[in-house]
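Summary of structural features
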Amino acid sequence: MIFFGTEEDLISLIHAAHERGMKVIFDYVPNHTSSSNDWFKDSVAEQNGKKDWFMWNTTQLNWDNSMGTGHWYNIQVNGSKKYYYGAFGSGMPDFNFRNYEVREEMKNVARYWLNKGFDGIRVDAARYLIEDDGKYYDTEGSHTWFKELRKELDKYASPKFMMCEVWGPDHEVEESYLGNGTDEFHMTLDFHQGSDCIKSVSYQRNFIKNTLYPNKSETTGFATFMVNHDEYNDRIATTFKGDQKLQKLATALSLLRPTVPIIYYGTEIGLKNTSSGGDSALRGNFD
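Throughout, residues of each chain are indexed from 1 in the direction in which the sequence is written. Whole-chain, interface and lining totals are the exception, using all residues; otherwise, since this is a predicted model, local features are given only for residues with pLDDT of at least 70 and side-chain atom pairs are given and counted only at 80 or more. Side-chain metrics in this entry use all non-hydrogen atoms of the structure; hydrogen atoms and water are not considered.

**Let's talk about the packing of helix H6 (residues 194–203) against helix H8 (residues 244–255)**
Here is the rule: Here an angle of 0 to 180 degrees is reported between the N-to-C directions of two axes, which are lines fitted to C-alpha atoms, with helices fitted over the stretch in contact. Runs of H or I in DSSP of at least four residues are treated as helices and runs of E of at least two as strands, each being numbered from the N terminus. Each angle is binned into one of four classes, with values under 35 degrees roughly parallel, values over 145 roughly antiparallel, values of 65 to 115 roughly perpendicular, and all other values oblique. Each crossing is labelled by how the near helix is turned from the far one, with a counterclockwise turn of less than a right angle marking it left-handed and a clockwise turn marking it right-handed. Note on contacts: a residue pair is in contact if any heavy atoms of the two residues lie within 4.5 Å. Following the grouping adopted for this structure description, the nonpolar residues are Ala, Val, Leu, Ile, Met, Phe, Trp, Tyr, Cys and Pro, the charged ones are Asp, Glu, Lys and Arg, and the polar ones are all others, Gly among them.
The N-to-C vectors of H6 and H8 enclose an angle of 140°; their axes lie 9 Å apart at closest approach. By the criterion of interaxial angle, the relationship of H6 to H8 is oblique. Seen from above, H6 lies across H8 with right-handed handedness. Here H6 contributes Cys 197, Ser 200 and Val 201 to the contact with H8, which in turn contributes Leu 246, Leu 249, Ala 250, Leu 253 and Ser 254. Considering only residue class, the contact of H6 with H8 consists of six nonpolar, two polar and no charged.

What follows is the structure, given as structure tokens:
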């Protein structure tokens, strides 16, 4: 396990940012945890009240969750083979949000860090939280829980911000997580705007007009970006082979949209992909 400091270091960082007029949000992953987490180990052993905290079945199911089929993994439990669900792989088992204790405990996780001084949360993998009646993503159950979480954030005297990662097939799916504008997320990451900035520069044609979606209101909107930690796009310094003029032009198109710009670390200094494959190419050391 890698540690980047203590909680005291973190609180000091938050205070230093606040003194400079900046706000800090944290990455919040309610959908799953590590298979090395004690909660999962307790669930495997069916002890400490954690037996039903994860998704278990006696047979291997074949769920299609938009990332392919399967995602049920076997493990020996008290001498018998059982299967657990992990939308993102065997090392990341999904919590069972049908369990009331899980629902409330994951709210407690958010409260814990917000009480440390964070100004909001970025919810990872929001599409896959709850599986309902043969549907395994974008379910009403997920939206209901996020609305419950929003109510908890709205209780704070100092405003807390709530955004989500929704990599959906179209813009409308991402927009659906804004709810009615006041009851779910303040903002959603928009995966359908950034690529056209790069394409417009690469092909010297206007692709932006096809995905130019302004913020919904003064309090809800879209976070747009060209690169992130997933295999979404190469880093633009790699795409444009280090040509700073092209990098700056694509960046200007991205920053000047009527949305909220997100800058992935290293983009501002022209960091390139590493020689690693997959997502690792986008997660190299900061220069």
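**Digging into unusual backbone geometry**
One non-glycine residue, Ser 66, lies in positive phi territory at about 80°. Here Ser 66 lies in the loop between strand S2 (56–57) and strand S3 (72–77). Positive phi, normally seen in glycine, also occurs at Asp 138, with a value near 55°. Position of Asp 138 relative to the elements: it lies in the loop between strand S5 (120–123) and helix H4 (140–153).

**Observations concerning the packing of aromatic side chains**
Threshold: Working definition: a ring pair exists when centres of Phe, Tyr or Trp rings (six-membered ring for Trp) sit within 6.5 Å. Plane angles under 30 degrees give stacked, over 60 give edge-to-face, the rest tilted. Accessibility here uses a 1.4 Å probe with only protein chains present; expressed as a share of the type maximum, an area under 20% marks a residue as buried, one over 50% as exposed, and anything in between as partly exposed. Geometrically, a lysine NZ or arginine CZ counts as sitting over a ring once it is within 6 Å of the ring centre and also within 35 degrees of the ring normal.
Considering all chains together, one arrives at 30 aromatic pairs under this definition. Between the aromatic rings of Phe 54 and Phe 95, the centroid separation amounts to 4.9 Å while the plane-to-plane angle is 25°, which identifies the pairing as stacked. On the criterion of sequence distance, the pair formed by Phe 54 in the loop between helix H2 (38–45) and S2 and Phe 95 in the loop between strand S4 (80–85) and helix H3 (100–114) is long-range, its members being 41 residues apart. For the pair formed by Phe 54 and Phe 95, the shared burial category is buried. Between Phe 225 and Tyr 232, the aromatic rings sit 5.2 Å apart at their centres with planes inclined by 55°, giving tilted as the arrangement. Tyr 232 sits in the buried class, given a relative accessible area of 12%. By the ring-pair criterion, three or more aromatic residues cluster together here, those being Trp 39, Phe 40, Trp 53, Phe 54, Trp 56, Tyr 73, Tyr 84 and Phe 95. Cation over ring: Lys 50 sits above Trp 53, and NZ or CZ is 4.6 Å from the ring centre. Over the ring of Tyr 265 we find Arg 235, and its NZ or CZ is 4.8 Å from the ring centre.

**So, the sheet that holds strand S6 (residues 161–165)**
What counts here: Two strands pair under a simple rule: DSSP has to find at least two bridges between them.
As summarised here, the arrangement of the six strands in space is S1-S5-S6-S7-S8-S9, forming an open sheet in which the pairing is parallel. If you trace the sheet from one side to the other, it starts and ends with strand S1 (25–28) and strand S9 (260–261), each paired once. Summarising the sheet, S1 and S5 pair through four bridges and their orientation is parallel. Bridge pairing links Phe 26 to Ile 121 in S5.

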